[in-house]
Every structure is written in C-alpha cells, then in structure tokens.
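# Observations on the model geometry
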Amino acid sequence: MSLATKTPKSLGALRRTFAPWSDPASRPLIRFEKITKRFGDVTAISELSLDIYEREFFALLGPSGCGKTTLMRLVAGFEEPDEGRVLLAGEDLAGVPPHRRPVNMMFQSYALFPHMNVWNNVAFGLKQEGLARAEIAARVEDMLQLVDLAGYERRKSDQLSGGQRQRVALARALVKRPRVLLLDEPLAALDKKLREETQLELMHLQQKLGTTFVIVTHDQEEAMTMADRIAVMEGGRLVQVAAPAEIYEQPNCRYVAAFVGDVNLIEAKVAAIAGSETALVSGSFPSTIRVGQRVDARAGDTVWLALRPEKMRISLAAPAEANANAAQGVVHDIAYLGDFSIYHVRLADGTLLRAAQPNLTRLVERPIGWDDKVYLSWMPDAGVVLSR
Amino acid sequence: MARSRQNPGRFLVLLVPYLWLGFFFLAPFLIVLKISLSHDVIAQPPYAPLLDLTQGWQGLKNFFSQLDFSNYALLASDTLYLDSYLQSLRIAAVSTLILLIVGYPIAYAMARAPERLRALLVMAVILPFWTSFLIRIYAWMGILSRGGFLSQLLLYLGLIDQPVEILYTNAAVYIGIVYSYLPFMVLPLYATLEKMDHALLEAASDLGARPIAAFWRVTFPLSLPGVIAGSLLCFIPAVGEFIIPDLMGGSETLMIGKTLWTEFSVNRSWTVSSAVAVVLLAVLIAPILIYQRAEVRSLEAR
C-alpha cells in the first residue's frame, strides 16, 4: 500500500480544513475530565479538563514543572490521577496498566534498550503481542524503511548518532500502531538544524499514518511549527488552548503573550471605547493609543497592550500614516541577527521597547545606529489588548 | 617507551603495582611451583632438591634435573584429590547459585528503595564484616548443632520430634558459605541495578511487556555484568574455602582447601600440598579470565 496515494492533497491543504475541535458533533479521542494530580504536597495538575481529537497533532507547551509531562504520563499509565478521569475513545483508563493501553510513548531520553540492536528494539513491542514471526519481521522492516533506517538493523544504540537514535525510538513506538503516540520532548537532544528537519519529517509522518500525536515541549517554535493545536500550561493549569496562529496573534493573557514569541507589554488604562475602537492612555506615551479592537473592559480599567516587535516600524522620520500610533525614543541597543535586527528603543520615561526590522539590503552600515533619535510606529490593529 | 622516557614519573607509577605483584604474587607462586615439582625428604625444609647457587651453573643443572612431576602423577592416580576438586567445584557452584537466588531480590529491593534509605541498606549489608568472621561461624555452629537454636525452634513448632543436627553436613557448609559470601553477591548486583535507567522499564511496560516479561527481557540482561561479577567473587574463593568446610562440614565434606590443609599439616607433605595448590590455581584461572573479559566488556559498554 502506497502511503503517497492516500494523501493526494498537500499537507497545508489538509491542515487548513482540519478542525474537529470546532465541530460539536466530533467526539474526542482523549478526554481529561477535571484531572488533579499531586506529588506529596506539590499539586502538579489541578482540575484540568481537555479534549484531544483523532488525527490531531497536539502540543503541550509550558516551562519545566508546569505539569505537561505529568499530563502525558497520565495517558501512558505511568501515573494515575488523584481526582478526575482520563478517557480514551470514551473508555475510562483508570486502573489499566501501561502495558495494556493502546498508546505508546517516545521517551525524552529515547530509553532504547542498550543490550538490543535496532531490529530487536523495534520488534520488542510486537513480540510482546505474541505476533507471528513473519508478521513481526514485515512490520519492523516497513517501519525501519519509513524512518529511513534500513540497513541499520544490526547496530546497537551506542553505535548510532543522536538523530538515528531518535528515529529508532520513534519507530519502536509507532510499529505498535498506537491510537495515540506520546512524544516527550522528542527533539530536545538534537542540534538546531536536525531539529528543524525532524519537525517537518514528524509532521509528514503523522499525516501519512493518521495517528494522533501528543507532544510535550518547552520549545514554542517546535509547538508552533508542528501542532494543529497548542495548549499553553502554567502551574498545572491550561492557560490557553488554540491553533498556533491564534496563540501567537490573539493570546488571552500576558503569560501566553510573553511565553510564545517576543512581546512588548505596555501597561495602560482604558480611556474610551467607541465602536470597534478603543483608546488607551499610558504614562509612557504622550498621546492616546488607538487600538482597532473592542475591549471587554470599562473606562479606567488597567489593561496591557501586547505588541510584537515585528509589528512595529522604526524610522528616523515621523510616520506618514495618519492613523498610526507613534512614539519617539533613542536607540539604546541593536541586536543584529542577520535576517532581522532587534532595536531596543528607550522612550522619554525610560521604558524600553523592542522593534524588529528585516534586513532587506546587504548594507553593512545600517541607516539607524546607536543613540539615534527614532520614531516607533504601529497600526491600530498591530497590538492586542489583554485584561489579565 | 619514548613517552616513559619523557616522563619518568609515569613509569614509576606503573612500576609500583608490577613490583607488588612480582614480589607478593609471582615470586611466592614460583616457589610453590618449585616445591610442587620436588619430592619429600625428612629434613628441614622437608623437600628436595634445594637450589644451591654457590655451585654455579652445575648446581642449577643438578637442581633442574632432579625436578619431576611425580606429585602431579599422585594427584591424578588417587581419586581422593579428584573427588575433592569436583566436590569443591560443585559446592562452590551450588552455593553461588543459591547466593544469586537469595542475593538478587535483596539487591533489587535495595536498588528500588527510596534514595535516602539506600546508603543505610548498603551499610546493613556490610555490617556483619565488623564482627570477626570466625565468631560468626561459631555462632552458626551454635545455631545448627544438635540441641542448638534451630533444632529447639523446630521442636517447639512441632515440625520435628527429635533434635536434629544440621552441623557437620554439607547442608551446614552451604549455609555457612551463603551466609558469609552474601555481601559479595549483593553489592555488585546492587551497583548494576542501582544505576539502571528506570525509563527502560517504563519503555518496556509502554511497549506491552508485563512486569515479569520486562524483568526477564530488560532488567536481568542489563544486570548480567553484576551477576557475573558477583558470581565470580563468590565462586572463586568458595572453591578454595577452608574454614567453613573444616568447622561446619562433616566427614562427607571433601573440599580441596581441607584436603590441602590435611596434606600440609597432618601428612607434612609440602610437595603434594603445593601441587594441589598449583592445580587449584590452574582450575580457577578459567573463571578469572571470564571475569576479566566481562569486566572489559562492561567498561567498553560504558
């Protein structure tokens, strides 16, 4: 069976139409129902509810200690919730030991069996199922082909590179044809370049196999690239669950805005709400800030304006657009990244704002230098107003 | 060698252990080997020929011409010696197996114990060493003798109606060896089990292995270096064990250490006892080589 014929559309076309979470008729594959998990005095997860759907590539994103790994281990069966239920395809997983759950996990350390070669590592799970030898051999070979490891069957794990070991771990989990593949920081041990390639490979693999992937990561880029939806976690709770673009462009709080990508957070007060526009006042800016968004707040409430650096313009002359917000400042620092430069601009009251500009020319001498007086400007719809 | 000339300190450091082994192992062994090739005489020392270097080359030639293998021929002709060797190997092998069966669960439980408890448990395993070995053997003799603690306990429980004597049987020898050697089995096993990555067991379980399958397919194979180290640490000294079979064994117990001692102290035959010792060493070199190979392999694997 050729996997290519099953996916006639491009990856993008498939992903654009995939949104079972917004379809009230679809039933979740994994459902967390008011889960609480404690370790001694520490509450790792508190009253968390979440649905993950069939064929979804779902990312649990958060800093270390936020409970994302614990959540994953609850699905694998290495932990049992203190309160609440974990349902897989409608069935309560309580009391089902890990070896009887139709989910497989790819461990952060890969946990390859050091005394077995690649073939035996991948075949291990199938042997436990008591399958016939011929079927085991066929499935192991197919899987090794799929992860591009054909020819490495006799190698032991200490004779493999980091990327190869990662693929053995992946093959070993996928060969069981699990309902859900759990990936615990699968790319953390790889270098940047290999990580980026592997991200795309994982996406294609997931699309080909149609397996539900749940990935735990602290790397927001990884989550943004691969996932259909991202759950941002903090302190054992979900802060926001949404598609990557929504998480980035419409964060629901300062925590998400700051954790995913770079952001300028400006504290301000609501001055007036008129139609679909809101006016904010902030001590850092001489004039009111216009925001093209209706804010769920009353005049006088404290809010925060989240402005992504790449959505701000920096110029030596005053901005020409009539409706642009603008502020004057002095260039305090420049971080030259090659593709982008990040300008740290100090406003009159000492507030530092960051603006990112693509370096569109090959000039080594940039027109804007240290201590230059510059204008920062942004359109009313560039920022998002956060009330918490 | 160029490097050692550049750095004489390095050469000296290497020299120390070789000198130590040369003086305290190789030289005594050569003396024992020489005595084993001599023959008994009633004299002081009780064997001949003696090496007389004052006669120069001729003396050396005389000395070597008088050496022969008659003691080894005796060992081969009298079944007493063969039986002793075989029984020693058997008792050592069975003891090692029992030690493995008893020691593995202990080491496993220690390795799985909460981290703060582990140091304490290791201490508990080593603790008996703080009492003299002989005193502990005498204590066991008290327990196993006719009318001893064990006999009394079994009588009290109604399991037997006559006092039993376990002492002076091979069973007593097994008990003595297993008891005395247990730390040598537990500690290497503990060392390998303790450093084993717990994620491997989780992975096995995740892939569908029931706990028993996970143990036999993952835990046990990975603990093999510890199993081999512990087994050889117990087996090798157990083959040559003298005190335990002498104090706790009976007339049926025919171990080579005891035979050697009898040969040396009762028969006053230095030459035959030396031959017994040389053969014993040859027999034990095989497991020592296995041990070394396993050691090298586990070092490479690290």
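Residues numbered from 1 in each chain as written. Chains lettered and ligands numbered in written order. Predicted model: local features only at pLDDT ≥ 70, side-chain atom pairs only at ≥ 80, totals over all residues. Heavy atoms only, no water.

All right, on to the sheet that holds strand E1 (residues 30-39) of chain A then. Residues and elements named next belong to chain A. Strand order in the open sheet formed by four strands is E2-E1-E4-E5, and the pairing between neighbours is antiparallel. Each edge of the open sheet carries a strand with a single partner, namely strand E2 (42-52) and strand E5 (91-92). Pairing of strand E4 (residues 83-88) with E5 involves two bridges; the strand directions are antiparallel. Note that in E5 the partner of Leu 88 across the bridge is Glu 91. (Pairing = 2+ DSSP bridges. Helix = DSSP H or I, 4+ residues; strand = E, 2+ residues; numbered from the N terminus.)

What follows is about the sheet that holds strand E17 (residues 340-347) of chain A. Residues and elements named next belong to chain A. Strand order across the open sheet formed by five strands is E15-E19-E16-E17-E18, with antiparallel pairing between neighbours. The open sheet has two edge strands with one neighbour each: strand E15 (313-315) and strand E18 (352-358). Strand-to-strand twist of the sheet, defined as the mean angle between neighbouring strand axes without regard to direction, takes the value 45°. In the sheet, strand E16 (residues 325-336) pairs with E17 via seven bridges, with the strands oriented antiparallel. Looking at the pairing, Ala 335 lines up with Ile 342 of E17. (Axes fitted to C-alpha atoms, helices over the stretch in contact; angles between N-to-C directions.)

Let us now look at the interface of chain A and chain B. Listed per partner, the contact involves 24 residues of chain A and 19 residues of chain B. Here chain A and chain B share an interface that buries about 1700 Å² over both sides, 61% of which is from carbon and sulfur atoms. It is A:His99, A:His115 and A:Gln128 that lose the most area in chain A upon contact with chain B, and together they represent 31% of the buried surface on that side. Among the ionic pairs, B:Glu202 bridges to A:Arg73, the shortest N-O distance being 2.6 Å. Counting the contacts that link chain A with chain B gives six residue pairs in polar contact (both at pLDDT 80 or more). Listing elements by their share of the side of chain A that touches chain B, those giving two or more residues are helix H3 (68-76), strand E6 (103-106), helix H4 (118-128) and helix H6 (162-174) of chain A. It is H4(A) that provides the largest number of residues to the side of chain A that touches chain B, a total of four residues. Here the side of chain A that touches chain B is composed, by residue class, of 13 nonpolar, six polar and five charged. (Contact = heavy atoms within 4.5 Å. Buried area = accessible area lost by both parts, 1.4 Å probe. Salt bridge = Lys/Arg side-chain N within 4 Å of Asp/Glu carboxyl O. Polar contact = N/O pair within 3.5 Å; in protein donor to acceptor, adjacent residues only side chain to side chain. Nonpolar A, V, L, I, M, F, W, Y, C, P; charged D, E, K, R; others polar.)

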